Amino acid sequence: MERFNLDGEKIKPLTICLIGGGGFIGSHLCEKLLYKTQHTAIIIDISSTKIKHLLRPYSCWFGRVQFHEINVKRDTLHRHLEPLIAASDLVINLAAICTPANYNTRPLDTIKSNSVDAIPVVEFCIKYKKRLIHFSSCEVYGKTIGSFLPKDHALQNVSELYLLKEYDSPCIFGSIDKQRWTYACAKQMIERLIYAQSALHSLEFTIVRPFNWIGPRMDFIRGIDGPREAVPRVLACFTGNLLRGKPLKLVDGGQSQRSFCYIKEAIEAVLLIIENPARANGKIFNVGNPENDVTIKQLAELMIEVYADVTKQPASKFTTIDVSSNNFYGPGYDDSDKRIPDMTIINRELGWKPAMRLRTILKLCLDHAINEYKSAIKNECDSLLEF
Ligand code: NAD
Ligand code: UGA
């Protein structure tokens, strides 16, 4: 069936090279591309676990998907990466170390992964005149101006001091010993490099700044499909604790705020960016849902409520516990106080506005997690009882 973009132009099938396309966002984006469009996906990643279902032979999209197991960091001569970029119409770079527990404990890997490793991708896009959609992060905004004011200061309620705008807000990071900011700083550096290259070499680019997209397949449950000692992002931390009936840990009291957005709605925004280059080129887009702004404590309470409801248990069975960031993440951790995206630009250019409220999103995530992990958790409990 023919499809048309926002300007009424027929959408031509594209060959899209998705670097880091086997991760959380990549797996949802590839599903969308393969199920709902005629585009071809060339997926590059070190792992295909989350996209196994897309790689089965004899599926109706089979001729439109390829997986290449490549570690872009180790492909030092770019023998594998370069020809795949050359063969594509569009490159989407998602590859990154992007879990906060790594930022202060593996600072060099974090810096390299988020900046140095992305440089060849930018250079090949220039060399072969390919359009680039680069995944940055809302973390580039860092802390808000309001975070430096006393908590009860009247200016705290002035939205100009906390609403994050692509072309107005400053990027405010902590001191160098707060290694949490290695990620944000590396993402900012590659954004600046892309921006500078576009002026010099007419690179066609779009930068996406996701604001806490959540959904099924995000990260891993410790000790089941990921290492027991690793710390995933908050959705997976809380989900794992709920599944095991353990208290949800609130870092420094869970006072930081985040705006959560459902992955499938966010993927609609990415598809609009892909298919409307005239509107998206040269731009930076916040992609998030400002209506779903909560403190992490509120997130924990809502997850408990929804989980108790879904599993038909009393909410009083589940608790939270305060932990210090030093104990949870180690020295050098710091936090973004508040992250509320201004949505003017993406709404104006692409007409995108997410609608799904946090309670509904959490129900979808927890339903999925219960289905996916219940037998593994049961086995774990059984073996503990035997022991
Ligand atoms: P993810 O960890 O699930 O996906 C990243 C993928 O990149 C993984 O599959 C990983 O194996 C791959 N990768 C990492 N290093 C690689 C290498 N050297 N070679 C090949 N593949 C490599 O994370 P995600 O949530 O899907 O995030 C994707 C991108 O979006 C990242 O750049 C991240 O910084 C950015 N982002 C995500 C969110 C969010 O809400 N999930 C928010 C802000 C920014
Ligand atoms: C994340 C990551 O940096 C990136 O993946 C991404 O760029 C971006 O945000 C995003 O998803 O938009 P952050 O939101 O700090 O950063 O990551 P989470 O691990 O999801 O933590 C959110 C908040 O929950 C933090 O304040 C953290 O301290 C807290 N937290 C986390 C807890 O209180 N308890 C936990 O068990 C885990």
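Residues numbered from 1 in each chain as written. Chains lettered and ligands numbered in written order. Predicted model: local features only at pLDDT ≥ 70, side-chain atom pairs only at ≥ 80, totals over all residues. Heavy atoms only, no water.

1. Here's the deal with the overall build of the protein chain
Helix and strand content of the protein chain: 13 helices and 15 strands. Burial analysis of the protein chain (387 residues in total) assigns 54% to the buried set. Working note: accessible area of the protein chain is about 18,400 Å², and carbon and sulfur atoms make up 54% of it. When the 49 basic and 43 acidic side-chain charges of the protein chain are each reduced to a single mean position, those positions are 3 Å apart. (Helix = DSSP H or I, 4+ residues; strand = E, 2+ residues; numbered from the N terminus. Buried < 20%, exposed > 50% of the residue type's maximum accessible area, 1.4 Å probe, protein only. Areas by Shrake-Rupley, 256 points an atom, 1.4 Å probe, with all protein chains shown as cover. Lys, Arg positive; Asp, Glu negative; His and termini not counted. Charge placed at Lys NZ, Arg CZ, Asp CG, Glu CD.)

2. Description of the site of ligand 1
Not every one of the 25 residues close to ligand 1 is listed here, only the nearest: Phe 24, Ile 25, Asp 45, Tyr 183 and Trp 213. Gly 23 is positioned such that a nitrogen or oxygen atom in its backbone is 3.2 Å from an oxygen atom of ligand 1. Contact with the protein chains hides 88% of the accessible area of ligand 1, taken as 820 Å² for the molecule alone. Looking at the shell around ligand 1 residue by residue, the class counts come to 14 nonpolar, seven polar and four charged. (Near = heavy atom within 4 Å. Polar contact = N/O pair within 3.5 Å; in protein donor to acceptor, adjacent residues only side chain to side chain. Nonpolar A, V, L, I, M, F, W, Y, C, P; charged D, E, K, R; others polar.)

3. Observations concerning the site of ligand 2
As a matter of local geometry, ligand 2 sits amid 26 residues, with Cys 98, Tyr 103, Glu 139, Asn 212 and Asp 335 nearest to it. Interatomic distance of 2.5 Å between a side-chain N/O atom of Glu 139 and an oxygen atom of ligand 2. Out of a free accessible area of 700 Å², ligand 2 has 96% covered by protein chains. Breaking the shell around ligand 2 down by element, the ones donating at least two residues are helix H3 (100-103), helix H7 (234-243), strand E9 (248-251) and helix H11 (325-329).

4. Some details on the pairing of strand E7 (residues 205-210)
Of all six residues that make up E7, six are buried, and the element is covered over most of its length. Relative to E7, strand E5 (residues 131-135) is paired through four bridges, and the arrangement is parallel. For Ile 133, the partnering residue across the bridge sits in E7 and is Thr 206. Bridge count for E7 against strand E12 (residues 283-287) is five bridges, and the pairing is parallel. Considered in E12, the bridge of Arg 209 is made with Asn 286. (Pairing = 2+ DSSP bridges.)

5. As for the sheet that holds strand E2 (residues 40-45)
One open sheet holds the seven strands; their spatial order is E3-E2-E1-E4-E5-E7-E12, and the pairing between them is parallel. In the strand order of this sheet, the two ends are held by strand E3 (65-69) and E12, each with one partner. Neighbour to neighbour, the strand axes of the sheet diverge by 15 degrees on average, direction disregarded. Against the sheet, helix H1 (residues 24-36) touches strand E1 (15-19), E2, E3, strand E4 (90-93) and E5, its axis set at about 165 degrees to E1. This element, helix H6 (residues 182-201), spans E5, E7 and E12 of the sheet and lies at about 160 degrees to E7. (Axes fitted to C-alpha atoms, helices over the stretch in contact; angles between N-to-C directions. Contact = heavy atoms within 4.5 Å.)

6. Remarks on the packing of aromatic side chains
Taken as a whole and assessed by the stated rule, the structure comprises nine aromatic pairs. Seen in terms of ring centroids, Tyr 195 and Phe 205 are 6.0 Å apart; in terms of plane orientation they differ by 70 degrees. Their pairing is edge-to-face. Of this pair, Tyr 195 sits in helix H6 while Phe 205 sits in strand E7, and the two are ten residues apart along the sequence. With relative accessibility at 3%, the residue Phe 205 sits in the buried group. Taken together, a centroid distance of 5.4 Å and an interplanar angle of 85 degrees make the contact between Tyr 307 and Phe 318 edge-to-face. Separated by eleven residues along the polypeptide, Tyr 307 in helix H10 (residues 296-311) and Phe 318 in the loop between H10 and strand E14 (320-323) bring together distant segments of the chain. Summarising the burial analysis for this pair, Tyr 307 and Phe 318 share the class buried. (Phe/Tyr/Trp six-rings, centres within 6.5 Å; stacked < 30°, edge-to-face > 60°.)

7. Focus: the packing of H1 against helix H8 (residues 263-275)
Two elements in contact, H1 and H8, have axes whose closest approach is 10 Å; the angle formed by their N-to-C orientations is 65 degrees. Viewed along their axes, H1 and H8 form a crossing whose handedness is right-handed. Touching Phe 24, Ile 25, His 28, Leu 29, Glu 31, Lys 32 and Leu 33 of H1 are Ile 263, Lys 264, Ile 267, Glu 268, Val 270, Leu 271 and Ile 274, all from H8. Split by residue class, the contact of H1 with H8 holds nine nonpolar, one polar and four charged. (Left-handed = near helix turned anticlockwise from the far one by under 90°.)

8. Topic: H10
Helix length check: H10 (16 residues) gives 22 Å between terminal C-alpha atoms against 22 Å at 1.5 Å per residue, within 8%. Within the span of H10, buried status applies to Ile 296, Leu 299, Ala 300, Leu 302, Met 303, Ile 304, Val 306, Tyr 307 and Ala 308. Following H10 by one or two positions, Lys 312 adopts a phi angle in the positive range, close to 55 degrees. (Expected span 1.5 Å × (residues − 1).)

9. Considerations on the side chain of Thr 295
For Thr 295, the position within the fold is in strand E13 (residues 293-295). Thr 295 gets classed as buried once you look at its relative accessible area, which sits at 15%. Discounting residues that sit within four places of it in the chain, Thr 295 has contacts with Gly 254, Gln 255, Ser 256 and Gln 257.

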